[in-house]
Amino acid sequence: MHDKVLILDFGSQYTQLIARRVREAQVYCEIHPFDVSDAFVRSFGAKGVILSGGPASAYEAVGWRAPEVVFSLGVPVLGICYGMQVMAEQLGGRVAQAGRREFGQATVQVCADSPLFSGLADRVDGEGRRWLDVWMSHGDAVVALPPGFAVTARNESTPIAAMADEGHRWYGVQFHPEVTHTHQGRALIERFLFEICGCRGDWTMPAFIPEAIDRIRATVGEDEVILGLSGGVDSSVAAALLHRAIGDRLTAIFVDNGLLRAREGEEVRSALARHLGVRVMSVDAADRFLAALSGVSEPEEKRRIVGRLFVEVFEEVARQRPNARWLAQGTIYPDVIESAAGKTKKAAAIKSHHNVGGLPERLQLRLLEPLRELFKDEVRALGVALGLPHELVYRHPFPGPGLAVRVVGAVTREALTIVRQADAIFLDELRAAGWYEKVSQAFAVFLPVRSVGVMGDNRTYEHVIALRAVESEDFMTARAAELPWELLARVAHRIINEVSGVNRVVYDVSSKPPATIEWE
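Draft legend 1. Quick look at the pairing of strand β9 (residues 162-165). The alternating pattern of β9 places Ala162 and Ala164 and Met163 and Asp165 on opposite faces, both of which are buried. In the sheet, strand β8 (residues 150-154) pairs with β9 via three bridges, with the strands oriented antiparallel. From the neighbouring strand, Ala150 faces β9, where its bridge partner is Ala164. Note: β9 against strand β10 (residues 170-173), four bridges, orientation antiparallel.

Structure follows, in structure tokens:
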């Protein structure tokens, strides 16, 4: 039985990063909405509780409170940003609008001994004071401590930047330790997990495999399972895990929807069959998908169409396999979070995912999502532990709707051909230069504009390709990769010369946020 940490979500877009940091420390955790019942909190069996940030004001949002049982469990509690504020309000302190708001990088002074800050410092000044570089994002602040609490960190803008009641092991930090901009944030979270909560670091993917296999077998019994194999890392790892659990009772359905990257279908089918012996059925549905997408420009509508057609194709395949009772998908935690369709339902929706949201009743299949609670790095680690080849496990992420959302505007065969060829050139050059695994994701985008150019002695009026390469630890935030100029110039030269219909190549340098990684 794993030690567990309960994360109560108040609607912060950073909540999933808290979970990621806890998992990185090899401690199991789950995110649940803040308004779960007292009975649920008691039965969860947490070694510690973390209260997330959120958009509300603790002195106004009376209904946005932590369950009172959290403070009677006898386990440590860490409140982050709004989580600290709601802790203060509930325990007898006071929160008000801050005299000076803080958004972005800040510095706080550690001003009291506390296990949470033990030995942590980014700088020590001449008077021996310890300073931490942190990330702030708040307009409210704790202005009066609850009884039993002491200030443990402060700065000029936020006199109570952290607080602690060591007797109860209750802690609050106004800043966000879960983001990379808080340089000692990971160490602070580990202090909470190990020194304060006493957790064991026993959450690993090799240990996860037998547990997941037991759950899958207990869930499906002797039923057959069909899996939607998209060609990406997530569905491939799901196939490997399911095959380990139920063997030939799994049939992976690979749908060629005409929206795949170059060579993708052949590579994935070959890898799964050769390395694992997974039975793969191929369905050629390219004409069907492209006909349905014809003339559609709106990104969410593209996603809905692709999702609907996938379900229709699986429905038809299911009729050919009457013993199939389950449809498995490679849904992972970020899919659920970004669709705001997960357990919390508190955060704002960013975009929908074609494989999130359940199945129509007519399909008469139950949904099986063995990776639903895993982050991308955990999925990759699981793939390695299952014996999948390196080149498949570390393939860059690919959106469920495929190239349909890498063609900005209307999807046409010409646009798909152009972006597929440009994408292949970009990725091949990244591999040749040793950059493919240095970046987290890279791809080409077809833009719905034409530009004037000159080729030879002739004027051209042709298409524009945008290149995107990002570095990211979590895919919830990202920054543009600083690729060498010589590499970008070589990629642009090849695309313009080898891909018919393109006369201009641009590079996207925007970060996430405010942009997303994908263009649509």
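Alright, that's what it looks like, and here's the rest.
Draft legend 2. Spatial organisation of the packing of helix α5 (residues 205-220) against helix α11 (residues 376-386). For the pair α5 and α11, interaxial distance at closest approach is 9 Å and the crossing angle is 80 degrees. If you check the angle between α5 and α11, you find them roughly perpendicular. Note on element contacts: α11 touches α5 through Glu378, Ala381, Leu382, Ala385 and Leu386, opposite Met205, Pro206, Phe208 and Ile209. Residue composition of the contact of α5 with α11, grouped by class: eight nonpolar, no polar and one charged.

Draft legend 3. Broad picture of unusual backbone geometry. Looking along the chain, the bond that leaves Lys512 and enters Pro513 is cis, with omega of -15 degrees. Residue position: Pro513 is located in the segment after β19 (502-507). Backbone geometry places Cys81, a non-glycine residue, at a positive phi of 55 degrees. What makes Cys81 buried here is its relative accessible area of 6%. Phi at Arg169 is positive, roughly 65 degrees, even though this residue is not glycine. Examined against the element boundaries, Arg169 turns out to sit in the loop between β9 and β10. Relative accessible area serves as the criterion here: at 29%, Arg169 is assigned to the partly exposed category.

Draft legend 4. Representation of helix α3 (residues 82-90) within the structure. Counting buried positions over the nine residues of α3 gives eight, a clear majority of the element. Backbone geometry just downstream of α3 places Gly92 in the positive-phi region, at approximately 105 degrees.

Draft legend 5. Region of interest: the state of the cysteines. Under the criterion given, the structure shown has zero disulfides. Note on Cys81: no disulfide assigned, nearest cysteine sulfur contributed by Cys111 at a separation of 18 Å. Summary of cysteine pairing: Cys199 is not part of a disulfide, and the nearest cysteine sulfur, belonging to Cys197, is at 4.9 Å. Residue classification places Cys199 among the buried residues on the basis of a relative accessible area of 7%.

Draft legend 6. Just the sheet that holds strand β14 (residues 324-328), in detail. Taking strand neighbours across the sheet as the criterion, the five strands line up as β13-β12-β11-β14-β15 in an open arrangement whose pairing is parallel. The sheet is open, and its two borders are formed by β13 (280-284) and β15 (366-368), each paired with just one other strand. Along the sheet, successive strands turn relative to each other by an average axial angle of 30 degrees, direction set aside. Relative to β15, β14 runs parallel, the two being bridged by three bridges. By the bridge assignment, Trp326 is partnered in β15 with Arg366. On the sheet, helix α9 (residues 299-320) packs against β11 (224-229), β12 (250-256), β13 and β14 and is oriented at approximately 135 degrees with respect to β12.

Draft legend 7. Here's a closer look at the pattern of salt bridges. In the structure shown here, the tally under the stated rule is 33 salt bridges. With a shortest N-O distance of 3.6 Å, Glu224 and Arg321 are connected by a salt bridge. Linking Glu224 in strand β11 with Arg321 in the loop between α9 and β14, this pair joins segments that are 97 residues apart in sequence. Among the ionic pairs, Glu300 bridges to Arg303, the shortest N-O distance being 3.8 Å. Of this pair, Glu300 and Arg303 both sit in helix α9, three residues apart, which is roughly one turn of that helix. Accessibility expressed as a relative area gives 24% for Glu300, which makes it partly exposed. Looking at Arg303, the relative accessible area reads 4%, which means it is buried. The network of salt bridges with common partners includes Arg20, Arg21, Glu24, Arg186 and Asp377.

The rules behind the values
Here the residue numbering is sequential within each chain, running from 1 through the sequence in written order. This being a predicted model, a pLDDT of at least 70 is required before a residue's local features are given, and a value of 80 or more before pairs of side-chain atoms are given or counted; all residues contribute to the totals for chains, interfaces and linings. Heavy atoms from the whole structure form the basis of all side-chain values; hydrogens and water molecules are not counted. Under the scheme applied here, a residue whose accessible area is under 20% of the maximum for its type counts as buried, over 50% as exposed, and between as partly exposed, the area being computed with a 1.4 Å probe on protein chains only. Numbered from the N terminus, helices here are DSSP runs of H or I no shorter than four residues, and strands are runs of E no shorter than two. For two strands to be treated as a pair, DSSP must find no fewer than two bridges joining them. Axis lines are fitted through C-alpha atoms, for helices just across the contact stretch, and the angle between N-to-C directions can take any value from 0 to 180 degrees. An angle below 35 degrees is read as roughly parallel, one above 145 as roughly antiparallel, one from 65 to 115 as roughly perpendicular, and any other as oblique. Pairs of residues are marked as contacts when any of their non-hydrogen atoms sit within 4.5 Å. Asp, Glu, Lys and Arg are counted as charged, while Ala, Val, Leu, Ile, Met, Phe, Trp, Tyr, Cys and Pro are counted as nonpolar; the rest, among them Gly, fall into the polar class. The definition used for a disulfide is geometric: two cysteine sulfur atoms within 2.5 Å. Counted as salt bridges are all cases of a side-chain nitrogen of Lys or Arg within 4 Å of a carboxyl oxygen of Asp or Glu.

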